[in-house]
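Report on the structure
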Number of protein chains: 4
Amino acid sequence: MADSGGIAADHLKSFIERIERLEEEKAAIAGDVKEVYAEAKGNGFDTKIMRQIIRLRKMEPNDRQEQEELLDIYMRAVGMVA
Amino acid sequence: MADSGGIAADHLKSFIERIERLEEEKAAIAGDVKEVYAEAKGNGFDTKIMRQIIRLRKMEPNDRQEQEELLDIYMRAVGMVA
Amino acid sequence: MADSGGIAADHLKSFIERIERLEEEKAAIAGDVKEVYAEAKGNGFDTKIMRQIIRLRKMEPNDRQEQEELLDIYMRAVGMVA
Amino acid sequence: MADSGGIAADHLKSFIERIERLEEEKAAIAGDVKEVYAEAKGNGFDTKIMRQIIRLRKMEPNDRQEQEELLDIYMRAVGMVA
């Protein structure tokens, strides 16, 4: 293992290359996500609402229900709903 | 103080409005920053490098020097510089 | 105006310093926002819901209404509500 | 294909589930990246500098060289280096 300026060069290079490969895979998947959204949009779906759905589905149903109720209370308090 | 659904409506509204005013001020300043960059660009300056300068000026000179040296060592280690 | 390496040094420095001052002001306001949220939290308000309220208040009431209805339709479609 | 509130429910659900699967894969890879950085840190490497190396390796060598030279010129102009 070559040593350069006090650090283990081969070891560092191996870490860097592992991260680069993983980042490439991640970018490829991000591209796939983008394509699915584009396809959904092409089928007439609203992708902004889809993103909300996906965020809400990650929550526990009870937590989601509680949050919706609290949001409703706050909206009434500041006069956003009658 | 009106009470709506168990929360103190006036108090909540006051907090919300204070935050909204502050966010407006912040957005105005962000707009000013953008304008200064645009003016600098119009005068031929490279705004990407300007951002680097601003980031580097926030660091202690010693820390910056150390970081530059370490970056140089790592670049040599992975074969980016001869 | 001094010239350094082909660029107008004083002019560049002036742009940099203007941006730094604006960024400081922006950071101070961001700190104020944080304090108001902390104060609201200390008064028993849910800051996550407050952020939702602030986001929703930026929208046109009609747009907000439409978005809520569409969200409800989508939630039913994917079986999130009965 | 069931229809709910004017949208094609099954089709929407299928898009949502495809995105959720991809997002899970992406999150798993992001977790792997984090682990490699943690392992590198455990071996004494500076992960902040590693991130800089990874960013710099994405650039064309000529572009990187040009940017470094311009940064040096700007640093001299604002008095950061003698």
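What this report covers is the structure whose coordinates are included nearby. Throughout, a residue's number is its position along its own chain's written sequence, starting from 1. Here every chain gets a letter starting at A, and every ligand a number starting at 1, in the order they are written. Two thresholds apply to this predicted model, a pLDDT of at least 70 for residue-level local features and 80 or more for giving and counting side-chain atom pairs, whereas whole-chain, interface and lining totals are computed over all residues. The side-chain numbers reported here are obtained from all heavy atoms of the structure, hydrogens and water having been left aside.

1. Regarding a negative patch on the surface
All names here are of chain A. Among the surface-exposed residues, Glu60, Asp63, Glu66, Glu68 and Glu69 lie close enough to one another that they form a single negatively charged patch. Inspection of the secondary structure puts Glu60 in the loop between helix H2 (47-57) and helix H3 (61-77). With a 1.4 Å probe rolled over the protein chains alone, any residue whose accessible area is under 20% of its type maximum counts as buried; one over 50% counts as exposed, and the rest are partly exposed. What makes Glu60 exposed here is its relative accessible area of 53%. Nonpolar side chains (Val, Leu, Ile, Met, Phe, Trp, Tyr) within 5 Å and like charges within 9 Å form the patches, drawn only from residues with over 30% relative accessible area and no salt bridge. All accessible-area figures derive from a Shrake-Rupley calculation using a 1.4 Å probe, and residue coverage is judged against the displayed protein chains alone. The salt bridge criterion pairs a side-chain nitrogen of Lys or Arg with a carboxyl oxygen of Asp or Glu, the two atoms within 4 Å. All tallies of charge rest on Lys and Arg as positive and Asp and Glu as negative; His and the ends of each chain are not included. In this description, the location of a charge corresponds to atom NZ of lysine, CZ of arginine, CG of aspartate or CD of glutamate. Helix numbering and strand numbering both begin at the N terminus, where a helix is a DSSP run of H or I of at least 4 residues and a strand a DSSP run of E of at least 2.

2. Focus: the pattern of salt bridges
Going through the model one piece at a time under the given rule, you end up with 18 salt bridges over all chains. Arg18 of chain D serves as the salt-bridge partner of Glu39 of chain A, at 3.2 Å between the closest nitrogen and oxygen. Note that Glu39 of chain A is positioned in helix H1 (residues 9-42) and Arg18 of chain D in helix H1 (residues 9-42), a pairing that runs across two chains. Judged by relative accessible area, which is 37%, Glu39 of chain A ranks as partly exposed. The class of Arg18 of chain D is partly exposed, set by a relative accessible area of 29%.

3. Considering the side chain of Arg64 of chain A
Relative to the helices and strands, Arg64 of chain A is located in helix H3. As a buried residue without a salt bridge, Arg64 of chain A has its nearest oppositely charged side chain in Glu68 of chain A, at a separation of 4.0 Å. Excluding its chain neighbours within four sequence positions, the residues that come into contact with Arg64 of chain A are Leu56 and Met59 of chain A together with Met75 and Met80 of chain C. In this analysis, two residues are considered to be in contact whenever any of their non-hydrogen atoms come within 4.5 Å of each other.

4. Looking at H1 of chain D
Since there are 3.6 residues in each turn of an α-helix, residues three or four apart along the chain are aligned in direction. All names here are of chain D. A helix is expected to span 1.5 Å for every residue after the first. Its 34 residues place the ends of H1 49 Å apart at the C-alpha level, agreeing with the 50 Å of an ideal helix rising 1.5 Å per residue. Inspection of H1 places Ala9, Leu12, Phe15, Ile16, Ile19, Glu20, Leu22, Ile29, Val33, Val36, Tyr37 and Ala40 among the buried residues, and these make up the whole buried set. The first or second residue beyond H1 is Gly44, which carries a positive phi of 90 degrees.

5. Notes on the relation of the copies chain A and chain D
Here the copies were fitted onto each other by least squares, based on C-alpha atoms from residues at pLDDT of at least 70 in both. Its rotation angle being 180 degrees, the transformation that places chain A on chain D also includes 0.0 Å of axial translation and leaves an RMSD of 0.0 Å. Such values leave the two copies arranged in the relation of a two-fold axis. Judged by C-alpha distance, Lys26 of chain A is the residue of chain A that lies nearest the rotation axis, at 2.7 Å. In this assembly the copies share their binding face: 100% of the residues contributing to the interface of chain A also contribute to that of chain D.

6. Side note on the packing of H1 of chain A against helix H2 (residues 47-57) of chain D
Relative orientation of the contacting elements H1 of chain A and H2 of chain D amounts to 65 degrees, with a least axis distance of 11 Å. For the crossing formed where H1 of chain A meets H2 of chain D, the hand is right-handed. Residue-level contacts link Leu12, Phe15, Ile16, Glu17, Ile19 and Glu20 of chain A of H1 of chain A to Met50, Ile53, Ile54 and Arg57 of chain D of H2 of chain D. When the residues that make up the contact of H1 of chain A with H2 of chain D are grouped by side-chain class, the tally is seven nonpolar, no polar and three charged. Only C-alpha atoms enter the line fits that serve as axes; for helices the fit covers just the stretch in contact. Angles between N-to-C directions range over 0 to 180 degrees. Handedness of each helix crossing follows the sense of rotation of the near helix against the far helix: counterclockwise by less than a right angle gives left-handed, clockwise gives right-handed. Side-chain classes are defined by residue name, with Ala, Val, Leu, Ile, Met, Phe, Trp, Tyr, Cys and Pro counting as nonpolar, Asp, Glu, Lys and Arg as charged, and the others, Gly among them, as polar.

7. So, the side chain of Glu20 of chain D
One can find Glu20 of chain D in helix H1. Side-chain polar atoms of Glu20 of chain D contact the side chain of Arg57 of chain A, separated by 2.7 Å. In the analysis that follows, any N or O atom pair within 3.5 Å is treated as a polar contact, provided that within protein one partner can donate a hydrogen and the other can accept it, and provided that, for residues neighboring in sequence, both atoms belong to side chains.

8. Quick look at helix H2 (residues 47-57) of chain B
The set of residues buried in H2 of chain B consists of Ile49, Met50, Gln52, Ile53, Ile54 and Leu56 of chain B. Where H2 of chain B is buried, its residues touch helix H1 (9-42) and helix H3 (61-77) of chain B, helix H1 (9-42) of chain C together with helix H3 (61-77) of chain D. Looking at where H2 of chain B begins, the residue whose side-chain oxygen comes 3.0 Å from the main-chain nitrogen of Lys48 of chain B is Asp46 of chain B.

9. Observations regarding the interface of chain A and chain D
Between chain A and chain D, the contact holds 28 residues from the first and 29 residues from the second. The term buried area means the drop in 1.4 Å probe accessible area that two parts suffer when joined, counted for both and summed. Between chain A and chain D the total buried area reaches about 2800 Å² when both faces are included, carbon and sulfur atoms providing 78% of it. If you sort the residues of chain A by the area they bury against chain D, Phe15, Ile19 and Phe45 of chain A come out on top, with a joint share of 21%. In this assembly, chain A and chain D are joined by four salt bridges.

10. Remarks on the packing of aromatic side chains
Two rings from Phe, Tyr or Trp (for Trp, the six-membered ring) form a pair when their centres sit within 6.5 Å of each other. Planes less than 30 degrees apart are called stacked, planes more than 60 degrees apart edge-to-face, and all others tilted. For the structure shown, the criterion picks out eight aromatic pairs over all chains. Seen from their ring centres, Phe45 of chain A and Tyr74 of chain C are 6.3 Å apart, and the 80 degrees between their planes marks the pair as edge-to-face. Linking Phe45 of chain A in the loop between H1 and H2 with Tyr74 of chain C in helix H3 (residues 61-77), this pair reaches from one chain into another. Judged on exposure class, the residue Phe45 of chain A and its partner Tyr74 of chain C are both buried. Three or more aromatic residues joined by ring pairs make a cluster, and in this case those are Phe15 of chain A, Tyr74 of chain B together with Phe45 of chain D. By the criterion adopted, a ring carries a charge over it if an Arg CZ or a Lys NZ lies within 6 Å of its centre and within 35 degrees of its normal. Across from the ring centre of Tyr37 of chain A, 4.0 Å away, lies the NZ or CZ of Arg51 of chain A, which sits over that ring.

11. Comments concerning the environment of Leu56 of chain B
By secondary structure assignment, the location of Leu56 of chain B is in helix H2. Judged by relative accessible area, Leu56 of chain B falls into the buried class, the value being 16%. Taking the C-alpha atoms as reference points, Leu56 of chain B and Asp72 of chain B, separated by 16 residues in sequence, lie 16 Å from one another. Contacts of Leu56 of chain B, omitting those with residues within four sequence positions, involve Arg64 of chain B together with Leu71, Met75 and Met80 of chain D.

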